[in-house]
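Coordinates in review
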Amino acid sequence: MPPAAARRKDFTGFRMRVQYCAWSKITAFQASRPFIVKADISMGFASLTHPARGSKIVPIVATLQRTFSVTTTVSSTHHAAPRVHPAGVRPSLEIVPFDAPVGAEVLGLDLNKPLSAEDFARIHRAHLDHHVLVFRDQRITPAQHIEFSRRFGPLQIHVLHQFQLPGHPEVLIVSNIRENGQPIGLGDAGHFWHSDLSYKEKPSLGSLLHAQELPSEGGDTLFANMHLAWDTLPEHLRKAVEGRSAEHTYLAKYAELQKRSPWRPNLSAEQIAEVKPVVHPIVRTHPETGRKALFVSEHFTTHIVGLPEDESRELLEALFAHSVRDEHIYRHQWAEHDLVFWDNRSLMHLAAGTPDHLRRKLYRTTIEGNAPF
Ligand code: SIN
């Protein structure tokens, strides 16, 4: 057993993710609590201070422009030489889970470069394990965004063709910006909790949202873990929904959204025909992990099949309220060039809102999934 003083300084196995505000040589950071970190990125080391354990110098093992991760693998008595990464060289892929009910950050990946089969397999596995993956500082073109998305399956084209990125119909522009009085994108996408395209026979497997222009405040996206929602559902609600199905329709809140956002276009007869109501099980099984998840949302689910209207409404409201309890949620605060990839089979999401006078623009691709069972 090492002496108490040595034990106090033992950071073995600690791992932390640090976000910083400015790109400078030496900066003080507030690390994932309770560490304080001072880092000299150019020299490849960081000094960690823990209120109870004292300070220690550790190597920085991964750097990105906006985020770096510090991993200590040394014992309390061994001071490892700092590992320095020559400028421009990124370390190998690392998955750093968030201290949250879902989510992980993928470090050491530049989607400008070819993606090996091995790295792809690790990202795929991490997506199944963590449901939301955050790739920081991805300076990629829409074509690269599409190419990466296609590795996971065929892409779906959103029914609001008005908001496709010109030349790239697979990309939906999510934006509150207006040019010449006209909206350039879907400004209120995500106003209600939902799982993307749950109103289709084959709802989305996952979506990839890439930040183009961000507001100085607001604009966060929230993700709710629907596996946890199912696992923790009170017994009487489980019994009430087991074996039941619910209807989903794109039109459920369309008129209400149009009232709030008069720029929302009227749908043509062809568009309405594209989004006929569908019925899905209320509890779905993830086709790759076998885990069960609640699959109803305030945006698109209209009623539970076979129940009287008032009973169906009451039950749906209880399910919605339970799904978005604080302990199921990860809140993503966007940084420039973030690419966020979530699993629509495991999650619902919500756009928390952006003040009207601030501009926000993101590009979204949506991957087709399976018919829920
Ligand atoms: C969406 O619902 O896909 C958009 C989410 C967001 O804008 O934060």
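Counting its secondary structure elements, the protein chain contains eight helices and 24 strands. Looking at the protein chain residue by residue over its 373 residues, the buried ones come to 37%. For the protein chain, contacts bridging at least 24 residues in sequence account for 73% of all contacts bridging at least 6.

A word on the sheet that holds strand E24 (residues 361–368). An order of E7-E8-E9-E22-E14-E24-E11-E10 is seen for the eight strands of this open sheet, with the pairing classed as mixed. The strands lining the two open edges of the sheet, one partner per strand, are strand E7 (94–97) and strand E10 (164–165). In the sheet, strand E8 (residues 104–107) pairs with strand E9 (residues 132–135) via three bridges, with the strands oriented parallel. What sits directly across from Val-106, in E9, is Phe-135.

Another point: the nonpolar core. As a rule of thumb, nonpolar side chains are buried together in soluble globular proteins. Of all hydrophobic cores here, the largest spans 53 residues; its most connected members are Val-132, Met-226 and Leu-294. If near-sequence neighbours (up to four positions away) are discounted, Val-132 is found in contact with Val-102, Gly-103, Phe-223, Tyr-330, Val-340, Trp-342 and Leu-347. Core analysis: the second largest hydrophobic core is formed by seven residues, Val-159, Tyr-250, Val-278 and Phe-300 among them.

With respect to spatial proximity, the complete set of residues near the ligand consists of Val-174, Ala-189, Gly-190, Asp-196, Ser-207, Thr-221, His-349, Ala-351, Leu-362 and Arg-364. Of all the elements in the fold, those that place two or more residues in the shell around the ligand are strand E23 (347–351) and E24.

A few words on helix H3 (residues 142–150). Considered for burial, the residues of H3 that qualify are His-145, Phe-148 and Ser-149. Along H3, the residues classed as buried sweep out an arc of 100° about the axis, all on the same side. Buried-residue contacts for H3 involve strand E11 (168–175), strand E14 (204–213) and E24.

Right, let's get into helix H2 (residues 117–130). Over its 14 residues, H2 extends 20 Å from the first C-alpha to the last, a length consistent with the 20 Å expected when each residue adds 1.5 Å. Inspection of H2 places Ile-123, His-127 and His-130 among the buried residues, and these make up the whole buried set. Projected down its long axis, H2 carries its buried residues within an arc of 95°, all on one side. Residues of H2 that are exposed and point more than 90 degrees away from the buried face comprise Ala-117, Glu-118, Ala-121 and Arg-125. Looking at the buried side of H2, the elements it contacts are E7, E8, E9, E14 and strand E22 (339–343). At the exit of H2 stands His-131, carrying a positive phi of roughly 70°.

Here the focus is the pairing of E24. Among the eight residues in E24, six count as buried, and that is most of the element. The sheet contact formed by E14 and E24 spans eight bridges and is antiparallel. Within E24, the position partnered with Gly-206 by the bridge is Ile-367.

As for its placement among the helices and strands, Thr-141 is situated in the loop between E9 and H3. Spatially, the C-alpha atom of Thr-141 lies 9.9 Å from that of His-210, the residues being 69 residues apart in sequence.

A few words now on the pairing of strand E17 (residues 278–281). By the alternation rule, side chains of E17 split into Val-278 and His-280, which are all buried, and Val-279 and Pro-281, of which none is buried. As defined by bridge partners, strand E16 (residues 245–248) adjoins E17 across four bridges and the pair is classed as antiparallel. Residue pairing across strands places His-248 opposite Val-278, the latter belonging to E17.

One open sheet accounts for three strands, arranged E17-E16-E20; its pairing is antiparallel. Sheet topology places E17 and strand E20 (301–304) at the edges, where each strand pairs with a single neighbour. The average angle at which neighbouring strand axes cross in this sheet is 35°, direction not considered.

On average, the protein chain scores 83 in pLDDT, and the residues at 70 or more come to 76%. Note on residues 1–36: pLDDT under 50 across the span, and 63 contacts to partners over four residues away in sequence or across chains. A low-confidence stretch, residues 62–86 (pLDDT under 50), is modelled with 69 contacts involving residues beyond four sequence positions or located in other chains.

A few words now on the environment of Leu-294. On the secondary structure map, Leu-294 appears in strand E19 (residues 292–294). For the pair formed by Leu-294 and Pro-281, sequence separation is 13 residues and the distance between their alpha carbons is 8.8 Å. Beyond its immediate stretch of four places on either side in the chain, Leu-294 contacts Met-226, Ala-229, Trp-230, Leu-233, Ile-282, Val-283, Leu-319 and Ser-323.

Conventions and cut-offs
Numbering of residues starts from 1 in every chain and runs along the sequence as written. Owing to the predicted nature of the model, reporting of local features is limited to residues with pLDDT of at least 70; listing and counting of side-chain atom pairs is limited to 80 or more, with chain, interface and lining totals taken over all residues. By the criteria applied, helices consist of DSSP H or I runs no shorter than four residues and strands consist of E runs no shorter than two, each listed in order from the N terminus. Neighbour counting defines burial: a residue surrounded by 20 or more other C-beta atoms within 10 Å of its own C-beta is buried, one with 12 or fewer is exposed, and intermediate counts give partly exposed, using backbone-placed C-beta atoms. The contact criterion used here is simple: two residues whose C-beta atoms, placed from the backbone, lie within 7 Å are in contact. Any two strands between which DSSP finds at least two bridges are classified as paired. Joined through C-beta atoms within 7 Å, a set of buried Ala, Val, Leu, Ile, Met, Phe, Trp, Tyr and Cys residues constitutes a nonpolar core. Put plainly, near means the residue's C-beta atom, positioned from the backbone, lies within 6 Å of the molecule or strand in question. What the arc covers is the set of directions going from the helix axis to the C-beta atoms. Expected helix span is taken as 1.5 Å per residue step, with the number of steps being one fewer than the number of residues. With axes taken as lines fitted to C-alpha atoms, and helix axes fitted only over the stretch in contact, angles between N-to-C directions fall between 0 and 180 degrees. How sure the predictor is of each residue is captured by pLDDT, a score from 0 to 100.

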